[in-house]
Amino acid sequence: MSVIEKKFLEIFGKEPDLVAAAPGRVNLIGEHIDYSDGFVLPFAIKDRTLVAARKRDDSTIRIASMQRRNKVVTVDINRVKPGLKGEWERYALGVVWSMGVKTGVDLLIDGHVPLGAGLSSSAALECSVATAMNHLFGLGFTLEELARLTQKAENQYVGVPCGIMDQSVSLMATQGSALLLDCRDLNTKNIPFDVAASGLELLIIDTQAHHALTDGGYAERRASCEAVVAKLAIASLRELSMEQLEASRSLLTDTEYLRARHAVTEMKRVLDCVDALTSSDFVRVGQLLNQSHASLRDDYAVSCPELDTAVDAALSAGALGSRMVGGGFGGSAIALIQAVKTTETIKMIEKAFSDRGFKAPRFFTSLPSQGAEIISRR
Ligand code: GLA
């Protein structure tokens with residue numbers, strides 16, 4: 001029996017029916033464009049969240065987390081609706097709600113995606129629960145449907161207005177590849193992403209910064225994009241070319257123009273990055289990462305001093321490219337570096353942080369890993 005299965009038996013008195021797992025993610029490129037119907041290119045990291053589950057024959061849900069001292073939260077499934085107060089367990093209950101599960105279940109969570117690092121620990125939790133429920137109750141949802149249901153849980157139950165990227169990659173990723181995701185229709189293509197074969201490494205730098213702006217800032221960025229879409233009478237920013245944007249500039253506020261410029265240029269960078277990866281042109285990949293960061297910092301205004309410091313220090317240490325990832329205002333940055341320079345790069349970033357009096361950053365590396373799966377079943 002695995003650690004989580006033993007713990008489940010200890011807490012709930014019976015063995016689980018199955019254990020599911022779903023990973024966190026890093027986005028290589030395509031930031032803040034999933035909600036504008038853009039293309040994005042994330043990959044799943046090796047850190048994942050496990051959930052052990054067992055069907056019950058009543059309407060009770062019991063849920064505990066190994067990271068929350070195994071404290072059991074008990075709720076009747078008929079009370080699980082948006083508005084029900086709670087803590088971390090809302091991410092799991094939201095999924096149970098959005099999937100329309102009506103039978104009780106015991107759930108134990110074991111989360112290994114670093115929290116608050118912008119690596120989508122919440123999507124990992126949602127997608128592990130969704131995968132478990134789908135198999136446990138034979139619901140037969142496709143991965144696209146599960147992506148939409150887990151996003152619905154986060155938007156409507158937890159109340160976070162996220163896009164579709166994090167859940168999609170957590171569910172659909174394939175080991176060894178980045179996932180080219182078309183956020184308009186959720187079509188995907190695996191893009192082999194083998195940095196190690198070229199002597200490179202993708203360093204993940206968790207700045208440990210989390211600025212209070214986060215939630216409001218994200219919704220505000222989405223609102224600016226929606227305002228542009230409404231003013232220009234288009235379906236989404238995906239429809240907009242640079243020429244049209246320039247021609248319509250007088251209709252937009254300066255802020256709206258800059259936000260839209262980020263979206264239009266970032267969508268092109270994603271496709272350029274796919275071409276560069278296909279021809280193993282990592283110098284070009286690095287340039288695109290740098291351009292993405294500049295656009296997020298200057299046009300989209302979602303970076304922060306810690307992220308800029310991480311990026312600048314990585315580039316000073318010789319990185320091919322570096323940029324902030326995820327929603328911004330803190331969280332993580334990535335740097336594409338020569339594998340032999342990993343220690344030196346880490347030291348330079350640590351020094352830059354300590355010189356500025358920032359909290360020490362954390363570092364991770366991860367190869368592109370597998371998306372959600374059932375890892376054991378009775
Ligand atoms: C967060 C959201 C995603 C996406 C990114 C920015 O991670 O959850 O949907 O919008 O920010 O690219």
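Residues numbered from 1 in each chain as written. Predicted model: local features only at pLDDT ≥ 70, side-chain atom pairs only at ≥ 80, totals over all residues. Heavy atoms only, no water.

A few points about the pairing of strand S5 (residues 105–111)
For a regular strand, side-chain orientation follows a simple rule: the groups alternate between the two sheet faces.
Phase 1 of the analysis: Taking burial as the measure, the seven residues of S5 include six buried ones, the bulk of the element.
Phase 2 of the analysis: With seven bridges connecting them, strand S2 (residues 39–55) and S5 associate as antiparallel partners. Residue pairing in the sheet places Lys 55 in a bridge with Val 105 of S5.
Phase 3 of the analysis: In terms of strand pairing, strand S3 (residues 60–65) meets S5 through five bridges, oriented parallel. In the strand pairing of S5, Ile 61 is matched with Val 105. (Buried < 20%, exposed > 50% of the residue type's maximum accessible area, 1.4 Å probe, protein only. Helix = DSSP H or I, 4+ residues; strand = E, 2+ residues; numbered from the N terminus. Pairing = 2+ DSSP bridges.)

Brief notes about the nonpolar core
Phase 1 of the analysis: Counting residues in each nonpolar core, the largest one holds 121 residues, and the members touching the most others are Leu 41 and Met 133.
Phase 2 of the analysis: If you tally residues by element for this core, the top one is helix H8 (residues 254–278), at 10 residues.
Phase 3 of the analysis: The contact partners of Leu 41, leaving out residues within four places of it in the chain, are Asn 27, Leu 28, Ile 29, Ala 178, Leu 179, Leu 180, Ile 191, Val 270, Cys 273, Val 274 and Leu 277.
Phase 4 of the analysis: Counting residues in each nonpolar core, the second largest holds nine residues, with Phe 12, Ala 21, Ala 64 and Leu 108 among its members. (Core = buried A, V, L, I, M, F, W, Y, C linked by side-chain atoms within 4.5 Å. Contact = heavy atoms within 4.5 Å.)

Overview of the site of the ligand
Phase 1 of the analysis: Around the ligand sit Arg 25, Glu 31, His 32, Asp 34, Tyr 35, Cys 162, Gly 163, Met 165, Asp 166, Tyr 218, Gly 326 and Gly 327, and that is every residue in its neighbourhood.
Phase 2 of the analysis: At a separation of 2.6 Å, an oxygen atom of the ligand approaches a polar side-chain atom of Glu 31.
Phase 3 of the analysis: Between the ligand and Asp 34, the relevant distance is 2.5 Å, taken from an oxygen atom to a side-chain nitrogen or oxygen of the residue.
Phase 4 of the analysis: Starting from 310 Å² of accessible surface for the ligand in isolation, the protein chains cover 92%.
Phase 5 of the analysis: When each cavity is represented as a set of grid points, the ligand is found to reside in the largest pocket.
Phase 6 of the analysis: Residues that form the shell around the ligand fall into these classes: four nonpolar, four polar and four charged. (Near = heavy atom within 4 Å. Polar contact = N/O pair within 3.5 Å; in protein donor to acceptor, adjacent residues only side chain to side chain. Areas by Shrake-Rupley, 256 points an atom, 1.4 Å probe, with all protein chains shown as cover. 1 Å grid on protein atoms, 1.4 Å probe; cavity = no way out; pocket = protein on both sides within 12 Å on 5 of 7 lines; lining within 4 Å. Sits in = over half its atoms within 2 Å of the grid points. Nonpolar A, V, L, I, M, F, W, Y, C, P; charged D, E, K, R; others polar.)

Examining the environment of Ala 372
Phase 1 of the analysis: The residue Ala 372 is located in the loop between strand S11 (362–365) and strand S12 (373–377) in this model.
Phase 2 of the analysis: Spatially, the C-alpha atoms of Ala 372 and Glu 144 are 13 Å apart, while their sequence positions differ by 228 residues.
Phase 3 of the analysis: If sequence neighbours within four positions are ignored, Ala 372 has contacts with Ala 21, Ala 22, Pro 23, Thr 131, Ser 170 and Leu 171.

Observations concerning the UniProt feature "domain: GHMP kinase C-terminal" (unreviewed entry) in the protein
Phase 1 of the analysis: Per the UniProt record, "domain: GHMP kinase C-terminal" (unreviewed entry) is annotated on residues 275–337.
Phase 2 of the analysis: End C-alpha to end C-alpha, residues 275–337 measures 20 Å, and it is 52% helix and 19% strand. (UniProt positions renumbered as here; feature names shortened; annotations may be inferred.)

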